[in-house]
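Summary of structural features
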Amino acid sequence: MLKIRDATELDLPAILDIYNEQILNGTATFHTVPQLPEERAKWLQDLRAENYPCIVAEMVDETSGSTRTVGWCNLWHFKERPAYDGSAELSLYVHQDFRGKGIGERLLHSLLDETRKQGDRFHTIIASVTTENERTIKFWQKQGFELRGTLREVGRKFGRWLDVSYFQLFV
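Presented here is a report on the structure given in the accompanying data block.

Conventions adopted
- Residues numbered from 1 in each chain as written.
- Predicted model: local features only at pLDDT ≥ 70, side-chain atom pairs only at ≥ 80, totals over all residues.
- Heavy atoms only, no water.
- Disulfide = S-S within 2.5 Å.
- Buried < 20%, exposed > 50% of the residue type's maximum accessible area, 1.4 Å probe, protein only.
- Helix = DSSP H or I, 4+ residues; strand = E, 2+ residues; numbered from the N terminus.
- Pairing = 2+ DSSP bridges.
- Axes fitted to C-alpha atoms, helices over the stretch in contact; angles between N-to-C directions.
- Contact = heavy atoms within 4.5 Å.

Some points on the state of the cysteines
Tallied over the entire structure, the rule returns zero disulfides. With no disulfide of its own, Cys54 lies closest to Cys73 among cysteine sulfurs, the gap being 8.0 Å. On the accessibility criterion, Cys54 (7% relative accessible area) is buried.

Considering the pairing of strand β4 (residues 87–94)
For β4, the buried fraction is high: six of the eight residues fall into the buried class. Direction of pairing for strand β3 (residues 67–77) relative to β4: antiparallel, over a ladder of seven bridges. Bridge pairing in β4 links Asn74 to Ser91. In terms of strand pairing, β4 meets strand β5 (residues 124–130) through three bridges, oriented parallel. Its bridge partner being in β5, Ala88 is matched across the sheet by Ile125.

Here's the deal with the sheet that holds strand β6 (residues 146–157)
Reading across from one edge, β1-β2-β3-β4-β5-β7-β6 is the order of the seven strands in this open sheet, with mixed pairing throughout. In this open sheet, the two edge strands, each paired with only one partner strand, are β1 (2–6) and β6. Between one strand axis and the next, the sheet turns through 25° on average, direction left out of account. When β6 meets strand β7 (residues 160–170), the two strands line up antiparallel, connected through eight bridges. Within β7, the position partnered with Lys157 by the bridge is Arg160. The strands touched by helix α1 (residues 12–25) within the sheet are β2 (54–60), β3, β4 and β6, with β3 carrying the most contacts at an inclination of about 70°. Each of β2 and β3 is contacted by helix α2 (residues 37–49), which is oriented at about 55° to β3, the strand it contacts most.

In structure tokens form, the structure reads like this:
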């Protein structure tokens, strides 16, 4: 059974593992050095301090009751200047063994529900995606995000320049 809930400090090791896998092997993030536990702890603390939502997907074994955090999703500043306060950038990561099972969609819908509970705080949400991540691009489009533009060769990872597309959804 899949449960979506607010992230806690107990989720940080799983969040760190999921994120570091993408740092080392993917282009979903432009971090190039694996994060340390203290960095992820500060990240969650900063999200909470500014009341940005961060949720996790937790698999619950119905027989044993054991749990495993298999994905996470959060909002953060799109840009730091005050005029951008109604805009947020979305991050969504699912453990590599659980991709393609609808977990990302469940996380996204729960996060959008959470943003709507905050009234007019969030006007629009932006997702940035490297153009080589075709599966992710299709995911955002399926969820109603619209392509707003592509910046060519703005990030360098694994010895090559990468293009980044921006997708937008109004809430």
